[in-house]
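A structural walkthrough
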Amino acid sequence: MTRQDFLWPPPVLPGEVVAVAAPASHVRRPPWEAGMNILRDWGFTVRCGPEVFQPRAYGVATDRLMARRFEEIWLDPE
């Protein structure tokens, strides 16, 4: 596949929803909020789930849960 063959998605425009996930591990709230504020300043509506800030155990069950959560975010029509 060449670059010309790739079907690029339309750009995300101000006013649209941007969902942000952290499937690998939890994050500290202050740096996360700083990043979210930048996205809001650019005009996006930002969403994330509460699991972003919750410490989690390592293992298959957590991996499955985070994969499911990422899929929910990805498939959300907004």
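Above this text you will find the structure in question.
1. Some details on the overall build of the chain
When helices and strands are tallied, the chain shows 2 helices and 2 strands. N-terminal to C-terminal, the α/β element order of the chain is β-α-β-α. Taking 78 residues into account, the globule formula puts the C-alpha radius of gyration at 12 Å, and the chain, at 15 Å, lies well above it. By principal-axis analysis of the C-alpha atoms, the chain measures approximately 40 × 35 × 20 Å. Buried positions account for 21% of the 78 residues belonging to the chain. Within the chain, counting contacts between residues at least 6 apart in sequence, those at least 24 apart form 66% of the total. For the chain, the computed accessible surface area is about 6,300 Å², with 62% contributed by carbon and sulfur atoms.

Cut-offs applied
- Residues numbered from 1 in each chain as written.
- Predicted model: local features only at pLDDT ≥ 70, side-chain atom pairs only at ≥ 80, totals over all residues.
- Heavy atoms only, no water.
- Helix = DSSP H or I, 4+ residues; strand = E, 2+ residues; numbered from the N terminus.
- Rg over C-alpha atoms; globule rule 2.2 N^0.38 Å.
- Buried < 20%, exposed > 50% of the residue type's maximum accessible area, 1.4 Å probe, protein only.
- Contact = heavy atoms within 4.5 Å.
- Areas by Shrake-Rupley, 256 points an atom, 1.4 Å probe, with all protein chains shown as cover.

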